[in-house]
Amino acid sequence: MIRTGIACVAVVLLGAAIYHQVHASSLEARLVRALPGEIATDPELVEFAQSVAPPVYREHCAVCHGPALGGERARGAPNLADDRWLYGTGTIYEIEQTVLYGIRSGHPKSHNLTDMPGLGRTGQLTQQDVRDVVEYILAISKQPHDATAVERGRAIFAGAGVCYDCHGGDALGISDYGTPALTGLGGAWLYGGERETLYKSVWDGRHGSCPAWVGTLSFVQIRALAVFLHGKSQHE
Amino acid sequence: MNEPQFNRERASPRVPSNDFFDFTRTDSRRSFALLALGASLGLAIAGYGLFTSKGTSTNRLPPEDIALVNQKPIYRSDFVIQTQTLYSVPFEQTTAQQRRKVLEDMINEELMVQRGIEVDLPGYDPDVRTALVAGVELQMYADVLARSPTDAELEAYYQKHRDKYSSVGVLRLRDLMLNFMPGETDAQRSERAVRLVTELRQGARLDDAFMEKNALRDSGALLVSGKTDLGDIFDFAAQEKLQPQVYAAARRLPAGQVSDPVTAGDGLHIVVMNARKVPEALSFSAARERVWNDMKTEAQERIRNATYGYLRSKADIVAADIH
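Values in this document were obtained by computation on a predicted structure and should not be read as measured data.

### Remarks on the overall build of chain A
So, step 1. When helices and strands are counted, chain A shows 8 helices and 0 strands.
So, step 2. Going residue by residue from the N terminus, the α and β elements of chain A occur as α-α-α-α-α-α-α-α.
So, step 3. Scored against the burial criterion, the 236 residues of chain A give a buried share of 45%.
So, step 4. Within chain A, contacts between residues at least 6 apart in sequence are counted, and of these 61% link residues at least 24 apart.
So, step 5. Of the accessible surface of chain A, which amounts to about 11,900 Å², a share of 60% is contributed by carbon and sulfur atoms.

What follows is the structure, encoded as structure tokens:
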């Protein structure tokens, strides 16, 4: 009788495990198969993604973007918890493309249209030019600045520096290029908005990168990360 | 007393039971059922592994793919982004016809790529080979190209290789040669060269009449479009073009000076240095861009060599003796 009972319990446990596995596989398939717009409206998929993503994020992404997704300016790793995105508008599929192929990762499909040239280092701007354009950026980001240099900086921004070409005439950045806004809205700076940091950015240029995770992470993990990050930015 | 009874019990044949779940008794139906269950389970596991492992030919479309073309996946994510990019609207706003067109285009492209590999385009088409090499190199160098060295690293490299960082010298010179004159011996030609050098140093005008009268000609080493280059020439270009002995003489010659006769493999030369700008050592700030480029080039070289080494270690290469 006892043996029969044990056998029954074992069968039930095995059945439960098989059901769980099949259900999870079904959720994985649904998550990966879902087209834009289908995920956010499916709470079960969102919940599943939220359960898959955090350990993946901690293991692979947190080293640059920080455990709380706040980014790290020393590396130029952007904050992933706000609603500002360098590439695209922050849809799940756009985030997924960045996770899949990276930024300047060497993968042919990575975001790699341009990077920040070293305008001083290459001789395009003089030290004084760079100082002036930095004062202009400080002014439009509502920081203390040298008012006498702002107009000169504005002229360089729109002229010899050709800054407007990538950052836009309004300095709000262009998501096709992945160029950040220079207005420092909400303290959102990629490398920092202090005078010295801005000077270094303009003089030396910046070449931030993000690895391509295709082939390292599974498609389920990548999609889950995209949903997870999308959700975080929406909460913000 | 009890021993015989115990032996009898053990020796007695087991009685088949009608109870399927009575595990204390033998039951042939249960045996067959468990055997069948075990076999089915084994087959199921084997089948699952066979049809879900990577590279398995299957008609099942993995969820992350929008299509499989000869088992080569086209990712759903790429399809969505390509559709949005092509029609510049969110994917939800694209029509079924537009989506079908994008998918057909992606499948066609994949088919063409596979056809290219099938007919071994990389094996003989120079453009494809160049593109392949460039693609592989880009992947190899990604880390180097993305890296931005610190000022301290740049300056350390500059200090270590200071001799590399100088401005490029510029020369403006004439490389004259003595024509062979009928009946003139080598000794007489040398004497003529010494005489001409003296005349030039004393201010003789180096014009066509002087050249013709003294059987002189430009060596032809500094020709540009068929004419002698009388303008500025970079130091490294002069080194490339002039005979080694002639360049060695020119390198030491100040502006406005005339060299001693120089014997080179092709005859006697006289160098007239009209003007020159000597190379000057560059400061760190002036050399910074070059330092950065040199660091990148060096790093790329290291990576390239390491990659070649790795690939060669894996490759089976048979090459003929070229000596």
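### Here we look at the overall build of chain B
So, step 1. Helix and strand content of chain B: 12 helices and 9 strands.
So, step 2. Relative to its 323 residues, chain B shows a buried fraction of 30%.

### Remarks on the packing of aromatic side chains
All names here are of chain B.
So, step 1. Considering all chains together, one arrives at 8 aromatic pairs over all chains under this definition.
So, step 2. Taking the centre distance of 5.7 Å and the plane angle of 75° together, the rings of phenylalanine 79 and phenylalanine 91 count as edge-to-face. Pair noted here: phenylalanine 79 is in helix H3 (residues 76-87) and phenylalanine 91 is in the loop between H3 and helix H4 (96-118), with a separation of 12 residues, a long-range link.
So, step 3. Using a relative accessible area of 5% as the deciding quantity, one classes phenylalanine 79 as buried.
So, step 4. An aromatic cluster is built from Tyr158, Tyr165 and Phe284, whose rings are joined through pairwise contacts.
So, step 5. The cationic tip of lysine 296 hangs over the ring face of tryptophan 292; the distance from NZ or CZ to the ring centre is 4.2 Å.

### Concerning the pattern of salt bridges
All names here are of chain B.
So, step 1. In total, this model carries 27 salt bridges over all chains according to the counting rule given.
So, step 2. With a shortest N-O distance of 3.0 Å, glutamate 118 and arginine 115 are connected by a salt bridge. Taken together, the positions of glutamate 118 and arginine 115, both in helix H4 and 3 residues apart, correspond to about one turn of that helix.
So, step 3. Its relative accessible area of 47% is what places arginine 115 among the partly exposed residues.
So, step 4. Residue aspartate 260 pairs with arginine 201 through a salt bridge whose shortest N-O separation is 2.8 Å. With aspartate 260 in the loop between helix H11 (244-251) and strand S8 (262-264) and arginine 201 in helix H8 (residues 186-201), the pair connects residues that are 59 residues apart, well separated along the chain.
So, step 5. Using a relative accessible area of 48% as the deciding quantity, one classes aspartate 260 as partly exposed.
So, step 6. By sharing partners, the salt bridges in this structure join Glu184, Asp186, Arg189 and Arg192 into a single network.

### Digging into the interface of chain B and chain A
So, step 1. In this assembly, 25 residues from chain B lie in contact with 27 residues from chain A.
So, step 2. Interface area for chain B against chain A, summed over the two sides, is near 2,400 Å², with a carbon-plus-sulfur share of 57%.
So, step 3. Taken together, chain B and chain A are joined by 2 salt bridges.
So, step 4. Taken together, the connections running from chain B to chain A amount to 7 residue pairs in polar contact (both at pLDDT 80 or more).
So, step 5. Per-class residue counts for the side of chain B that touches chain A are 13 nonpolar, 3 polar and 9 charged.

### Considerations on a nonpolar patch on the surface
All names here are of chain B.
So, step 1. Residues Val168, Phe234 and Phe236 make up a contiguous nonpolar surface patch of roughly 290 Å² in combined accessible area.
So, step 2. With respect to the helices and strands, the residue phenylalanine 236 is situated in helix H10 (residues 235-241).
So, step 3. Taking the relative accessible area as the measure of exposure, phenylalanine 236 reaches 51% and is therefore exposed.

Thresholds applied
- Counting restarts for each chain, with residues numbered from 1 along the sequence as it is written.
- Labels follow written order: the first chain is A, the first ligand is 1, and so on.
- Given that the model is predicted, a residue must reach a pLDDT of at least 70 before its local features are reported, and side-chain atom pairs must reach 80 or more before they are shown or counted; all residues, however, enter totals for whole chains, interfaces and linings.
- Calculated side-chain values reflect all of the structure's heavy atoms, with hydrogen atoms and water omitted.
- Strands here mean DSSP runs of E at least two residues long; helices mean DSSP runs of H or I at least four residues long; both are numbered from the N terminus.
- Exposed residues in this analysis have more than 50% of their type's maximum accessible area, buried residues have under 20%, and partly exposed residues fall in between, with area computed by a 1.4 Å probe over protein chains only.
- Contacts were defined at the residue level, with two residues in contact if any of their heavy atoms lie within 4.5 Å.
- To be clear on the numbers: accessible area is Shrake-Rupley with a 1.4 Å probe, and residue cover counts the displayed protein chains and nothing else.
- Between the rings of Phe, Tyr and Trp (Trp by its six-membered ring), a pair exists once the centres lie within 6.5 Å; its type follows the angle of the planes, with under 30 degrees stacked, over 60 edge-to-face, and the other angles tilted.
- By definition here, charges over rings are those cases where NZ of Lys or CZ of Arg is within 6 Å of the ring centre and within 35 degrees of the ring normal.
- When a carboxyl oxygen of Asp or Glu lies within 4 Å of a side-chain nitrogen of Lys or Arg, that pair is called a salt bridge.
- Here's the idea: put two parts together, see how much 1.4 Å probe accessible area each one loses, and the total over both is what we call buried area.
- Residues adjacent in sequence count toward polar contacts only when both atoms are side-chain atoms; beyond that, a polar contact is any pair of N or O atoms within 3.5 Å, and within protein one must be able to donate a hydrogen and the other to accept it.
- When residues are sorted by character, Ala, Val, Leu, Ile, Met, Phe, Trp, Tyr, Cys and Pro go into the nonpolar class, Asp, Glu, Lys and Arg into the charged class, and all the rest, Gly among them, into the polar class.
- Patch rule: a residue counts if its relative accessible area is over 30% and it has no salt bridge; like charges are joined within 9 Å, and nonpolar side chains (Val, Leu, Ile, Met, Phe, Trp, Tyr) within 5 Å.

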